[in-house]
Amino acid sequence: MTSPHSFETPTGSVTETEARRANRSWWDLDADDYQDEHGAFLGDVDFVWCPERLRESDARLLGPVHGKKILELGAGAAAASRWLRREGAHPVAMDLSAGMLRHAREAADRSGVRVPLVQADALALPFADGAFDIVCTAFGAIPFVADSGAAMREVARVLQPGGSWVFSVTHPMRWVFLDEPDERGLLARNSYFDRSPYVERDEDGGVSYLEQHRTLGDRIRELVAAGFVLRDLVEPEWPAGHDQIWGQWSPLRGRLFPGTAIFVCDLPKV
């Protein structure tokens, strides 16, 4: 799971080429810090859907995985893929960032659980039509591409009819609030309906980081247009006893409104 960045105010539009370049560069440079901060939470062989600590071992949003061919988009250090392998699945972990995939190799060495690693773009998946039974991601890929509808269509292309697509993203309503874990994060500031991305630029004006915003309705329309049927929309509640802060996720905010949306979708059989 890659961590959503802190943002406060949408700041304009960028091209898909700028987004791709910025995402690869950002996660390559941030990979070490990200793993230092979040690696223990995510584990080496575990599938954690979100900062609310919902695990696939408990939620079973993917259904039975034994023997299934599974693609993990935006896999980061691929902890989820290694968990799936231990469950008897045949996962492939894909990420745009070489830095993140380096950590995936290191975690494979530590755990002894190895899965195929692929460096690729979510908008041009290097796999044959119908190659997978399930595609999944925990906060990977989808929040970072401008044309997320095209990413949905690519996922549909590589899925077998009857396959499932399950992904988690920052809950869209979080876009409204200041991105702070304390009381400041309870202040509504931005328009939920402003789809302008959050963009950070370097000293030369180049895009160094960006994150996209879509409403719940936008996501559902993207899924329907790609041929999916939405089976469930999970909004994990903040669990009792969980006091860890992850960026803007905190017990204070988590008790009041959702921080994560998980879309559970199926591609109908022909």
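Scroll up a little and you will see the structure.
Since the structure is predicted, the reported quantities are computational estimates derived from the model, not experimental observations. Within each chain, residue numbers correspond to sequence positions counted from 1 in written order. Local features in a predicted model are, by the rule used here, given only for residues with pLDDT of at least 70; side-chain atom pairs are given and counted only at 80 or more, and totals for whole chains, interfaces and linings are based on all residues. Side-chain metrics in this entry use all non-hydrogen atoms of the structure; hydrogen atoms and water are not considered.

A. Seen up close, the overall build of the protein. Within the protein, the regular secondary structure consists of seven helices and nine strands. Radius of gyration here is computed from C-alpha atoms only, and the compact-globule reference equals 2.2 Å multiplied by the residue count raised to the power 0.38. Expected size for 270 residues packed as a compact globule is a radius of gyration near 18 Å; at 17 Å, the protein falls within 12% of this value. Per-residue accessibility, obtained with a 1.4 Å probe over protein chains only, is compared with the maximum for each type, and a residue is labelled buried under 20%, exposed over 50%, and partly exposed between these values. In the protein, which comprises 270 residues, the proportion classed as buried is 56%. Summarising the internal contacts of the protein: among those between residues at least 6 apart in sequence, 74% fall at separations of at least 24. Only the protein chains shown count as cover for residues, and the accessible areas themselves come from Shrake-Rupley with a 1.4 Å probe. If you sum the accessible surface of the protein, you get close to 11,300 Å²; carbon and sulfur atoms cover 51% of it. Secondary structure counts use DSSP, requiring at least four H or I residues in a row for a helix and at least two E residues in a row for a strand, with both numbered from the N terminus. The contact criterion used is simple: two residues touch if any of their non-hydrogen atoms lie within 4.5 Å.

B. Molecular detail of the environment of Gly217. Within the element layout of this structure, Gly217 appears in helix H6 (residues 216-225). Judged by relative accessible area, which is 25%, Gly217 ranks as partly exposed. For the pair Gly217 and Tyr192, spaced 25 residues apart in sequence, the C-alpha to C-alpha distance is 11 Å.

C. Focus on the packing of aromatic side chains. Any Phe, Tyr or Trp ring, taking Trp's six-membered ring, that has another such ring centre within 6.5 Å forms a pair; planes under 30 degrees apart are called stacked, those over 60 apart edge-to-face, and the others tilted. For the structure shown, the criterion picks out 11 aromatic pairs. Measuring from ring centre to ring centre gives 5.1 Å for Phe41 and Trp246, while their planes differ by 80°; the resulting arrangement is edge-to-face. In this pair, Phe41 sits in helix H1 (residues 16-42) while Trp246 sits in the loop between strand E8 (229-234) and helix H7 (251-254), placing the two residues 205 residues apart along the sequence. With respect to burial, Phe41 and Trp246 carry one shared label: buried.

D. Focus on helix H4 (residues 98-111). Each residue after the first adds 1.5 Å to the expected span of a helix. Taking 1.5 Å per residue as the helical rise, H4 with its 14 residues ought to reach 20 Å, and the 20 Å between its terminal C-alpha atoms agrees with that figure. Buried within H4 are the following residues: Gly99, Met100, Leu101, His103, Ala104, Ala107, Ala108 and Ser111. Between the side-chain oxygen at the start of H4 and the backbone nitrogen of Gly99 there is a gap of 3.2 Å, and the oxygen is on Ser97. One or two steps after H4, the chain reaches Gly112, where phi turns positive at roughly 80°. N or O atoms within 3.5 Å of each other form a polar contact, as long as, within protein, one can give a hydrogen and the other can take it, and as long as residues adjacent in sequence are counted only when both atoms are side-chain atoms.

E. Spotlight on the packing of helix H5 (residues 148-158) against H6. Angles shown run from 0 to 180 degrees and are taken between the N-to-C directions of axes, each axis being a line fitted to C-alpha atoms and, for helices, limited to the stretch in contact. Relative to each other, H5 and H6 sit at 40°, their axes nearing to 9 Å. In terms of their interaxial angle, H5 and H6 are classed as oblique. As H5 packs across H6, the resulting crossing turns out to be right-handed. Here H5 contributes Ser148, Gly149 and Met152 to the contact with H6, which in turn contributes Arg219, Glu222 and Leu223. Three classes are used: nonpolar for Ala, Val, Leu, Ile, Met, Phe, Trp, Tyr, Cys and Pro, charged for Asp, Glu, Lys and Arg, and polar for all others, with Gly counted as polar. Looking at side-chain class alone, the contact of H5 with H6 contains two nonpolar, two polar and two charged residues. Angles below 35 degrees are treated as roughly parallel, those above 145 as roughly antiparallel, those between 65 and 115 as roughly perpendicular, and all remaining angles as oblique. Less than a right angle of anticlockwise turn of the near helix away from the far helix marks a crossing as left-handed, whereas a clockwise turn marks it as right-handed.

F. Quick peek at the sheet that holds strand E1 (residues 69-72). When DSSP locates at least two bridges between a pair of strands, those strands are taken to pair. Pairing in this open sheet of seven strands is mixed, and the strands run E3-E2-E1-E4-E5-E9-E8 from one edge to the other. Each of the sheet's edge strands pairs with one partner strand only, and the pair in question is strand E3 (117-119) and E8. With direction set aside, neighbouring strand axes in the sheet form an average angle of 20°. In terms of strand pairing, E1 meets strand E4 (residues 132-138) through three bridges, oriented parallel. Bridge pairing links Glu72 to Cys136 in E4.

G. Summary view of the pairing of strand E6 (residues 198-201). In this structure, E6 lies alongside strand E7 (residues 207-211), joined through four bridges in antiparallel fashion. Considered in E7, the bridge of Arg201 is made with Val207. In this structure, the hairpin formed by E6 and E7 is closed by a connection of five residues, where Gly205 is found at a positive phi of approximately 90°.

Any functional reading would require information that these geometric values do not contain.
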